2 protein chains.
Amino acid sequence: MTAPEPAYVAVDWGTSSFRLWLIGRDGDVLAERRSGEGMTTAARTGFAEVLESHLAAVSAPAGLPVLICGMAGAKQGWVEAGYLDTPAALADIPAAAVRIPGAAADIRILPGLAQRDAAAPDVMRGEETQLLGAAAALGEGDHLVCMPGTHSKWVRLSGGKVAGFSTFMTGELFEAIARNTILSHAIAEAGPISGDNAAFRAAVTRMVANPALATSQLFSVRAGSLIAGLSPVDAKARLSGTLIGLEIAGALSLVAEGTPVALVVSGGLGTLYKDALAAAGISPAVIDADTAVRNGLAAGARALWSL
Amino acid sequence: MTAPEPAYVAVDWGTSSFRLWLIGRDGDVLAERRSGEGMTTAARTGFAEVLESHLAAVSAPAGLPVLICGMAGAKQGWVEAGYLDTPAALADIPAAAVRIPGAAADIRILPGLAQRDAAAPDVMRGEETQLLGAAAALGEGDHLVCMPGTHSKWVRLSGGKVAGFSTFMTGELFEAIARNTILSHAIAEAGPISGDNAAFRAAVTRMVANPALATSQLFSVRAGSLIAGLSPVDAKARLSGTLIGLEIAGALSLVAEGTPVALVVSGGLGTLYKDALAAAGISPAVIDADTAVRNGLAAGARALWSL
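A few points on the structure.

The rules we used
Residues numbered from 1 in each chain as written. Chains lettered and ligands numbered in written order. Predicted model: local features only at pLDDT ≥ 70, side-chain atom pairs only at ≥ 80, totals over all residues. Heavy atoms only, no water. Helix = DSSP H or I, 4+ residues; strand = E, 2+ residues; numbered from the N terminus. Rg over C-alpha atoms; globule rule 2.2 N^0.38 Å. Buried < 20%, exposed > 50% of the residue type's maximum accessible area, 1.4 Å probe, protein only. Contact = heavy atoms within 4.5 Å. Areas by Shrake-Rupley, 256 points an atom, 1.4 Å probe, with all protein chains shown as cover. Phe/Tyr/Trp six-rings, centres within 6.5 Å; stacked < 30°, edge-to-face > 60°. Lys NZ or Arg CZ within 6 Å of the ring centre and 35° of its normal. Disulfide = S-S within 2.5 Å. Least-squares fit on C-alpha atoms with pLDDT ≥ 70 in both. Polar contact = N/O pair within 3.5 Å; in protein donor to acceptor, adjacent residues only side chain to side chain. Buried area = accessible area lost by both parts, 1.4 Å probe. Salt bridge = Lys/Arg side-chain N within 4 Å of Asp/Glu carboxyl O.

### Remarks on the overall build of chain A
Then comes step 1: For chain A, the count of helices and strands is 10 helices and 15 strands.
Then comes step 2: Scaling as 2.2 N^0.38, a compact globule of 307 residues should have a C-alpha radius of gyration of about 19 Å, and chain A matches this with 21 Å.
Then comes step 3: Overall size of chain A, expressed as C-alpha extent along the three principal axes, is 70 × 45 × 40 Å.
Then comes step 4: Looking at chain A as a whole, 57% of its 307 residues qualify as buried.
Then comes step 5: Once local pairs closer than 6 in sequence are excluded, the contacts in chain A between residues at least 24 apart make up 63%.
Then comes step 6: Taken as a whole, chain A presents about 11,900 Å² of accessible surface, with 52% of it coming from carbon and sulfur.

Dropping the structure here:
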């Protein structure tokens, strides 16, 4: 019996994380590496060196093709991979990959997507590859795809094309508000929150009903703790539910009622968003984000190298 | 000719500022003091000492009554002056003032207002006195009163009563987002913005049209700077216009269309809010906030001491 033959290497290279998979001829994952050597670290220590060390660690044969997505293709990354402009067919993404010059192996970085709209300019980098991987599971037709995170992306897919998308700063705003405003007193010492917290669900529902009151609902976290005995964990849940509910209200405002929603997510954030969507009356299809990005890189590798 | 006889002392004692006026029998301002000895400073150095030093500086006769509004009446202030619950008649505010125990003179602190509503708990302290002073200029009927600031207050007045109010964290959110998120890169080195900036007005208009997209519009400050050449000053204007526009949209969502709007404000913020309201199609009555608070304290003094 011979060992499975490696066919290519798939890499998801984000701002703060690096993940690499050695993929076999039959599509199986032969080896996997995860580290904190994201773009921020690699920009200092060298992208080529980081990649080489992980290729060596999985004993990848020399010259194996490598397909990368994510922030490694940003201006501050390894080699800038630019953007494909919306509306963009997902199938057109692989051909727009940029090759690393001077490398012996065929190493390519997939481009991001850009929405060049004066009223709503937007960019993504990495999520387009998750979309490419999720698309097969979603099928044709119209879909609203939610990809939660520090900068949540909501994508309007139509017939395999990205018609448009919106980034909501939910995760980053949560951190900035929780740490750097008067609300920090109200939520100090609160543990983790869960989506079945009633204050979380009520905040989501209020935002879906009247999103205009968002920054007033934020102050009510403080006022509630002053005059209504709002506990630290409920205060934190109200803050989180307000920001996630506002995001959901915004994304829903851009699609026809009844458009199917898909949630592409991994980990605990998935449960929180599922509960928030339920509070807004939506049952999303759930797709694992880790699997989606690997499937997207596999689709890219097949298109580029007939693998 | 004799010097005008002092009748009482009016004090607006905020979180970070202290203002005192010596008022004569005919209502004239005989002397004025301003300092940075707000609640935060006075809580360390002593409220009685701060007040005494300013009374001495204006040669106030011993035993002159003193009426105070603002954060000096908070739990962390001099003596807690509690809250009057909404709906509250403005005319009922003076009688709820709390006397400083043990002081030789009659020194009283006006209460704040509290809205004990589980969905929208809210508090104010200081603005209720501005409202009391502005009420005469507004007349009876329904009014929506905007008092911009770090924590902007929008008050629904009906026949001399505060029917309800909403605090929007606009000013504090602007600072936290400008300093502590990825948007800081886009607005670095921007000078002051003005209300005739087209990016400011467009952001206000977009929020009034679709407030649900607020946190996505915030990310567009970053994306616009990456792919659409948004200048630092336009980026800052877009951030400010988004937060102020969201506040206006929220406040308008709570009143009948056509409710007259009054803007109680002093300084440069007044121009910015006037321009923002104009972008939302509203021409507010403008009332000077400094005058309003002095008039409110005068109304309180007349009610308490028949002055």
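What follows picks up the thread again.
### Some remarks on the packing of aromatic side chains
All names here are of chain A.
Then comes step 1: In this structure the tally under the stated criterion is eight aromatic pairs over all chains.
Then comes step 2: Judged by centre distance (6.0 Å) and plane angle (10 degrees), the ring pair of F47 and W78 falls under stacked. Of this pair, F47 sits in helix α2 (residues 47-57) while W78 is found in the loop between β4 (66-70) and β5 (83-85), placing the two residues 31 residues apart along the sequence.
Then comes step 3: Residue classification places F47 among the buried positions, given a relative accessible area of 7%.
Then comes step 4: Its relative accessible area of 21% is what places W78 among the partly exposed residues.
Then comes step 5: Through a chain of ring-to-ring contacts, three or more aromatic side chains come together here, namely W13, F18, F47 and W78.
Then comes step 6: The ring of Y83 has R125 sitting right over it, with the charged end atom 4.6 Å from the ring centre.

### A few points about the state of the cysteines
Residue and element names in this part refer to chain B.
Then comes step 1: One pass over the structure, following the stated rule, counts zero disulfides over all chains.
Then comes step 2: Here C69 is not disulfide-linked; the sulfur of C146 is the nearest cysteine sulfur, at 18 Å.
Then comes step 3: Classification of C146 as buried rests on a relative accessible area of 0%.

### Focus on the environment of R125 of chain A
Residue and element names in this part refer to chain A.
Then comes step 1: Along the chain, R125 falls in the loop between β10 (122-124) and α3 (127-138).
Then comes step 2: The class of R125 is buried, set by a relative accessible area of 9%.
Then comes step 3: Between the C-alpha atom of R125 and that of S283, which follows or precedes it by 158 residues, the distance is 27 Å.
Then comes step 4: Contacts of R125, omitting those with residues within four sequence positions, involve G70, M71, G73, A74, A81, G82, Y83, L110, P111 and G112.

### So, the relation of the copies chain B and chain A
Then comes step 1: Rotating chain B by 180 degrees and translating it 0.0 Å along the rotation axis places it on chain A, where the RMSD comes to 0.0 Å. Taken together, the rotation and translation describe the operation of a two-fold axis.
Then comes step 2: Looking at chain B, 100% of its interface residues are interface residues in chain A too, so the copies touch through the same face.

### Some words on the side chain of S220 of chain B
Then comes step 1: Here S220 of chain B shows up in helix α7 (residues 214-227).
Then comes step 2: A distance of 2.5 Å separates polar atoms of two side chains, one belonging to S220 of chain B and the other to R238 of chain B.
Then comes step 3: With sequence-adjacent residues up to four places away left out, S220 of chain B is seen in contact with P121 of chain A together with L230 and R238 of chain B.

### Quick word on unusual backbone geometry
Then comes step 1: Cis geometry marks the peptide bond from T86 of chain A to P87 of chain A, where omega comes out at -5 degrees.
Then comes step 2: Assignment of secondary structure puts P87 of chain A in the loop between β5 and β6 (88-89).
Then comes step 3: Backbone geometry at S59 of chain B places phi at a positive 55 degrees, although glycine is not the residue there.
Then comes step 4: Note on placement: S59 of chain B falls in the loop between α2 (47-57) and β4 (66-70).
Then comes step 5: Not every positive phi belongs to a glycine, and E189 of chain B is a case in point at roughly 75 degrees.
Then comes step 6: Here E189 of chain B lies in the loop between α5 (183-187) and α6 (198-209).

### A closer look at the interface of chain B and chain A
Then comes step 1: If you look at the interface, chain B gives 48 residues, while chain A gives 48 residues.
Then comes step 2: Here chain B packs against chain A, burying approximately 3,800 Å² in sum over the two surfaces, 69% of which is carbon and sulfur.
Then comes step 3: Where chain B touches chain A, the interface holds zero salt bridges.
Then comes step 4: The tally of links from chain B across to chain A stands at 13 residue pairs in polar contact (both at pLDDT 80 or more).
Then comes step 5: Looking at the side of chain B that touches chain A, the elements that each hand over two or more residues are β9 (112-115), β10 (122-124), β13 (161-168), α4 (170-180), α7 and α8 (232-252) of chain B.

### A few points about the pattern of salt bridges
Then comes step 1: Considering all chains together, one arrives at 20 salt bridges over all chains under this definition.
Then comes step 2: In this structure, R34 of chain B and D290 of chain B form a salt bridge, with 3.4 Å as the shortest nitrogen-oxygen distance. In this pair, R34 of chain B sits in strand β3 (residues 29-35) while D290 of chain B sits in helix α10 (residues 289-305), placing the two residues 256 residues apart along the sequence.
Then comes step 3: Two residues, E175 of chain B and R179 of chain B, come together in a salt bridge whose shortest N-O distance is 3.1 Å. In this pair, E175 of chain B and R179 of chain B both sit in helix α4, four residues apart, roughly one turn of the helix.
Then comes step 4: Overall, R179 of chain B belongs to the exposed group, its relative accessible area being 62%.
Then comes step 5: Linked through salt bridges whose partners overlap, the residues forming this network are D12, R19, E32, R34 and D290 of chain A.

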